[in-house]
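What the coordinates show
One letter stands for each residue in the lines below.
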Amino acid sequence: MGFFASWLITAAWIAVPPAVVMAIATWISRTVGLDLTFATTMPIGVCILVFVFFLSLQDVKVLVKAQALCLFVNIVATIVTGVLILFSGHWSIQNMSGGMFWSGLESVYGIPPWVIGLALLITPYFGFETVPQMVEEGDFPIKDSKKAICGSIITCGAIYTFFYFCVAGLDSVPNLLAGDAANGFMTIINMERTLGWAAWPVAYGFFSVLMGLGASILGFWMSTVRMLYSMSEKNFLPSSFSRVNKHRQPILPNVFLLAISLVFLLLMNATTFMNDFFNLMSFGCACAYALTMVSAVRICWLHPRWKSPNPVRGGNALRILAMCVMVAIAFFCTLGQGTGSWISFGVYLGVGVLLWLYMVLVRWRHSKVVIETPDGIQEF
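A quick note: this is a predicted structure, and the numbers were derived from the prediction, not measured. (Residues numbered from 1 in each chain as written. Predicted model: local features only at pLDDT ≥ 70, side-chain atom pairs only at ≥ 80, totals over all residues. Heavy atoms only, no water.)

Re the overall build of the chain
The helix and strand inventory of the chain stands at 14 helices and 2 strands. Among the 380 residues that make up the chain, the fraction classed as buried is 44%. Residue pairs in contact within the chain that sit at least 24 positions apart in sequence constitute 76% of those at least 6 positions apart. Put simply, the chain shows about 19500 Å² of open surface, and 70% of that area lies on carbon and sulfur atoms. (Helix = DSSP H or I, 4+ residues; strand = E, 2+ residues; numbered from the N terminus. Buried < 20%, exposed > 50% of the residue type's maximum accessible area, 1.4 Å probe, protein only. Contact = heavy atoms within 4.5 Å. Areas by Shrake-Rupley, 256 points an atom, 1.4 Å probe, with all protein chains shown as cover.)

Okay, structure coming up:
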């Protein structure tokens, strides 16, 4: 279970780079007015992936500073844009009436599409499990990691809610999603179409969209590489995944991530790639969190003496509740998957199964999985 929980988290993270670089390439094409086709936009995405790959092989401080810059510029630009929309003269609370449960999709097995959409909303909170790792590599006190996790979730949740509130009141949901807006860059398109703005949508696209996507790909790339490295350290993956270069950066995990990202970049289709990868991220994230909560409940049940430095208030009852919620979210996410999402998930899972079989048939016959527990180092 430990291998597949780790792999599902990693597989969900791997889905981010190819989707993000194509979003960046599409934004560049749209902004400069090149009107490139999907096929001609793809080389831009390849170049971005290669650039991030080489950046990730440098000292970790370079990547951390670049991500921090992108993130804070994105946050400021997003808040400023929300305020401008709110006081644009076109905003109205009436535009949100009926929008909460509106959907252009059909129900599945009698389950309303807005319920499925609500489950897919786990994606905006996908990646917060990387906060402890960022704490370890930064100068934030590890003993205060709980503050970092809660602070990041509350801060981003407040920004998400504020910006949704501002955009949702700009026009009715069907109008906001009309035309090409449903395929991405909805806010930019509606600032141009509804508000008639020309300059600020470009500025917003650069400072918020481009910087936000940049922070996303840098963060998830760094996290994926370190997850693969950590899995190797625990003997979940071959030892070659833990070899590092002169900058102490994992070599094979970087190469592996670049290779699989390039493969999925080439497998993308021109119409649904953003939906496919968004849905895949949601499903992979929900499955990983569900397995994590199953593991948390089992550990508490089998090893009641183990005490966490940050104990969960509510004890095992809260863990069981969280497990049930995550299993339900994972189920609803399956109903939102398209054909492209299932194909991508099958390939990711297939790669994971091949690695698992190698470990079972070769590696684990001679060495065990090593886990550090409150009882000391354990081998399984």
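Structural notes on the packing of aromatic side chains
Evaluated as defined, the whole model comprises 7 aromatic pairs. Their ring planes at 15 degrees and their centres at 6.1 Å tell us that F163 and Y204 sit as a pair that is stacked. In this pair, F163 sits in helix α7 (residues 145–168) while Y204 sits in helix α10 (residues 199–233), placing the two residues 41 residues apart along the sequence. Classification of Y204 by relative accessible area gives buried; the value is 7%. Between F283 and W342, the ring centres sit 5.3 Å apart and the planes meet at 70 degrees, which makes this aromatic pair edge-to-face. Of this pair, F283 sits in helix α12 (residues 273–302) while W342 is found in helix α14 (residues 339–361), placing the two residues 59 residues apart along the sequence. (Phe/Tyr/Trp six-rings, centres within 6.5 Å; stacked < 30°, edge-to-face > 60°.)

Details of the packing of helix α11 (residues 252–267) against α14
Where α11 meets α14, the axes come as close as 12 Å, and the angle between the chain directions of the two elements is 150 degrees. Comparing their axes, α14 and α11 come out roughly antiparallel. Here the hand of the crossing between α11 and α14 comes out right-handed. Residue-level contacts link F256, I260 and F264 of α11 to S344, V347, Y348 and V351 of α14. Broken down by class, the residue content of the contact of α11 with α14 amounts to 6 nonpolar, 1 polar and no charged. (Axes fitted to C-alpha atoms, helices over the stretch in contact; angles between N-to-C directions. Parallel < 35°, antiparallel > 145°, perpendicular 65-115°, else oblique. Left-handed = near helix turned anticlockwise from the far one by under 90°. Nonpolar A, V, L, I, M, F, W, Y, C, P; charged D, E, K, R; others polar.)

Some details on the nonpolar core
In a soluble, globular protein the nonpolar side chains are often hidden away together inside. The biggest cluster of nonpolar side chains holds 77 residues, and the ones touching the most others in it are F3 and W221. Element by element, the count of residues in this core is highest for α10, at 13 residues. Excluding its chain neighbours within four sequence positions, the residues that come into contact with W221 are P17, L49, V52, F53, S56, N254, L257, L258 and S261. (Core = buried A, V, L, I, M, F, W, Y, C linked by side-chain atoms within 4.5 Å.)

Thoughts on the confidence of the model for the chain
Looking at the chain, the pLDDT average stands at 79 and 81% of residues meet or exceed 70. Taking the mean pLDDT of every element in the chain, the minimum, 55, falls on helix α6 (residues 131–137) and the maximum, 88, on helix α9 (residues 186–193). (pLDDT = per-residue confidence, 0-100.)

Some thoughts on unusual backbone geometry
The phi dihedral of N235 falls on the positive side, at around 70 degrees, and the residue is not glycine. Its place among the elements puts N235 in the loop between α10 and α11. Positive phi outside glycine occurs at R248, with the angle close to 65 degrees. Secondary-structure assignment places R248 in the loop between α10 and α11.

Some details on a nonpolar patch on the surface
A contiguous nonpolar surface patch, about 630 Å² in accessible area, is contributed by L349, V353, L354, L357, Y358, V360, L361 and V362. Mapped onto the fold, V360 is located in helix α14. Judged by relative accessible area, V360 falls into the partly exposed class, the value being 32%. (Patch = residues over 30% accessible without salt bridge, like charges linked within 9 Å, V, L, I, M, F, W, Y side chains within 5 Å. Salt bridge = Lys/Arg side-chain N within 4 Å of Asp/Glu carboxyl O.)

Focus: the environment of T81
Tracing the backbone through its elements, the reader meets T81 in helix α4 (residues 60–86). Along the chain, T81 and Y204 lie 123 residues apart, while their C-alpha atoms are 7.0 Å from each other. Residues in contact with T81, not counting those within four places in the same chain, are F163, M191, W200 and Y204.

Things to note about the environment of V83
Within the element layout of this structure, V83 appears in helix α4. Sequence separation between V83 and F163 is 80 residues; the distance between their C-alpha atoms is 8.6 Å.

Description of the packing of helix α5 (residues 113–120) against helix α13 (residues 315–335)
Viewed as axis vectors pointing N to C, α5 and α13 meet at an angle of 115 degrees, and their least axial separation amounts to 8 Å. Of the two possible hands of crossing, α5 and α13 adopt the one that is left-handed. Taken together, the residues of α13 that come into contact with α5 (itself represented by V115, I116, A119 and L120) are I329, F332, C333 and L335. Among the residues forming the contact of α5 with α13, the class breakdown is 8 nonpolar, no polar and no charged.

Description of the state of the cysteines
Throughout the structure, instances matching the rule amount to 0 disulfides. Sulfur of C287: no disulfide; nearest cysteine sulfur belongs to C333 and is 7.8 Å away. (Disulfide = S-S within 2.5 Å.)

Some details on α13
Look at α13: 31 Å from first C-alpha to last across 21 residues, which is about the 30 Å you get at 1.5 Å a residue. For α13, every residue scored as buried is listed here: N316, R319, M326, A330, C333 and L335. (Expected span 1.5 Å × (residues − 1).)

Description of the side chain of N74
Within the secondary structure layout, N74 lies in helix α4. Judged by relative accessible area, N74 falls into the buried class, the value being 16%. Every residue in contact with N74, bar those within four places of it in the chain, is listed here: F207, S208, M211 and G212.

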